[in-house]
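# Architecture at a glance
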Amino acid sequence: MKDKLVGIGKKINGRGCFVRDDYILRHCKSKRVLHVGCTDYPFFETALSEGHLLHEKITQVADKVIGIDVASADVSKMAAHGYDVKLADAQKITNYDWDEPFDIILLADVIEHIPNTGLVIEGASKLLSKTGKIVITVPNAFGIVRFLKSFFRYEQVHQDHVAYYSSGVLETIAERLSLVMQETAWYRFEVRDKRIIVYLSAAIERLFTVFFPWYAEGCMAVMTVQPSENNV
């Protein structure tokens with residue numbers, strides 16, 4: 001007798017749809033932060049001049065911010081602007097000397113660029129303070145704008161991305177690494193382009209996410225270490 005087919009899937013969990021940077025800044029306020037992928041490569045100069053460089057925003061609310069990135073040219077530029085940044089590989093994050101543990105380790109739209117995501121998150125978990133958190137944001141595999149563009153044989157994806165993520169996949173990663181998934185949520189498409197098609201895309205997304213926030217542009221997750229395993 002053939003085995004019965006079993007449905008595979010999970011319920012989509014999450015508490016709502018937010019502005020990405022506002023969500024991140026709430027977690028970073030008055031904290032010691034390690035910002036992984038801090039340069040916003042290759043858009044550092046543009047982001048800084050236009051006022052939407054995330055690292056700059058974090059420095060305005062956090063007690064201490066250290067940034068790391070593998071984009072050597074932009075790391076040098078950021079250092080020249082006075083930021084505390086280091087040329088460092090997130091996949092080897094535990095190999096570097098850190099003065100003290102971090103309250104927040106931020107992986108903002110970065111793990112989709114990295115081949116070994118588990119190595120990065122597991123390494124980050126070892127650098128947290130007793131109440132520390134890993135805050136992750138990623139483009140959402142189920143983003144409604146991304147899905148609609150596929151009808152025109154166009155894939156809305158950064159050429160440097162090596163993976164797609166969803167809230168469910170982030171939950172599985174936390175489980176595999178014995179981390180606690182404290183919260184999942186989503187973030188909205190940000191309008192930084194004055195073309196009509198961009199405004200239309202944002203309007204479509206906002207309409208859908210009023211009722212179905214899991215169709216938003218990106219996913220967000222907050223992970224913590226199991227209390228018994230946090231030895232920092």
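Up top you'll find the structure we're talking about.
Quick summary incoming for the structure in this document. Fair warning: this is a prediction, and the values are worked out from it, not measured in the lab.

### Re the packing of aromatic side chains
Going through the model one piece at a time under the given rule, you end up with eight aromatic pairs. Relative to Tyr23, the ring of Phe18 lies with its centre 5.6 Å away and its plane at 45°, an arrangement referred to as tilted. The two residues Phe18 and Tyr23 agree in class, both being buried. Ring centres of Trp98 and Phe102 lie 5.6 Å apart, and the angle between their planes is 75°; this geometry places the pair in the edge-to-face category.

### What about the sheet that holds strand 1 (residues 17-18)?
Within the open sheet, the eight strands sit side by side as 1-7-8-6-5-2-3-4. Their pairing is mixed. Every other strand in the sheet has two partners, leaving strand 1 and strand 4 (85-87) as the edge strands with one partner each. One ladder, built from eight bridges, connects strand 7 (residues 179-187) with strand 8 (residues 218-225); its direction is antiparallel. Opposite Met181, over in strand 8, you have Met223 as the bridge partner. Along the sheet face, helix 1 (residues 20-28) touches strand 1, strand 2 (32-36), strand 5 (102-108), strand 6 (128-139), strand 7 and strand 8 and points at about 165° away from the line of strand 5. Seen against the sheet, helix 5 (residues 117-125) touches strand 5, strand 6, strand 7 and strand 8 and runs at an angle of roughly 155° to strand 6.

### A word on the pairing of strand 7
Pairing of strand 1 with strand 7, which is carried by two bridges, proceeds in the parallel orientation. Bridging from a neighbouring strand, Phe18 pairs with Tyr187 of strand 7.

### Side note on the pairing of strand 3 (residues 64-69)
Taken across its six residues, strand 3 has five buried, putting it largely inside the fold. In this structure, strand 2 lies alongside strand 3, joined through five bridges in parallel fashion. Considered in strand 3, the bridge of His35 is made with Gly67. Two strands pair when backbone bridges link them, and strand 3 and strand 4 are joined in this way by three bridges, in the parallel orientation. Residue pairing for strand 4: Asp69 is matched across the bridge by Leu87. In the classification by handedness, the crossover that spans strand 3, the intervening helix 4 (residues 72-80) and the parallel strand 4 is right-handed.

### Observations regarding the pattern of salt bridges
Opposite charge on two side chains permits pairing when their charged atoms draw close. Scanning the model with the defined rule gives 10 salt bridges in all. Between Arg146 and Glu217 there is a salt bridge, with the nearest N and O atoms lying 3.1 Å from each other. Of this pair, Arg146 sits in helix 6 (residues 144-149) while Glu217 sits in the loop between helix 8 (196-211) and strand 8, placing them 71 residues apart in sequence. Overall, the relative accessible area of 13% leaves Glu217 in the buried class. Within the structure, one salt-bridge network assembled from shared partners comprises Arg20, Asp21, Lys57 and Asp109.

Thresholds, definitions, all that
Residues numbered from 1 in each chain as written. Predicted model: local features only at pLDDT ≥ 70, side-chain atom pairs only at ≥ 80, totals over all residues. Heavy atoms only, no water. Phe/Tyr/Trp six-rings, centres within 6.5 Å; stacked < 30°, edge-to-face > 60°. Buried < 20%, exposed > 50% of the residue type's maximum accessible area, 1.4 Å probe, protein only. Pairing = 2+ DSSP bridges. Helix = DSSP H or I, 4+ residues; strand = E, 2+ residues; numbered from the N terminus. Contact = heavy atoms within 4.5 Å. Axes fitted to C-alpha atoms, helices over the stretch in contact; angles between N-to-C directions. Right-handed = clockwise from strand over helix to strand, strands pointing away. Salt bridge = Lys/Arg side-chain N within 4 Å of Asp/Glu carboxyl O.

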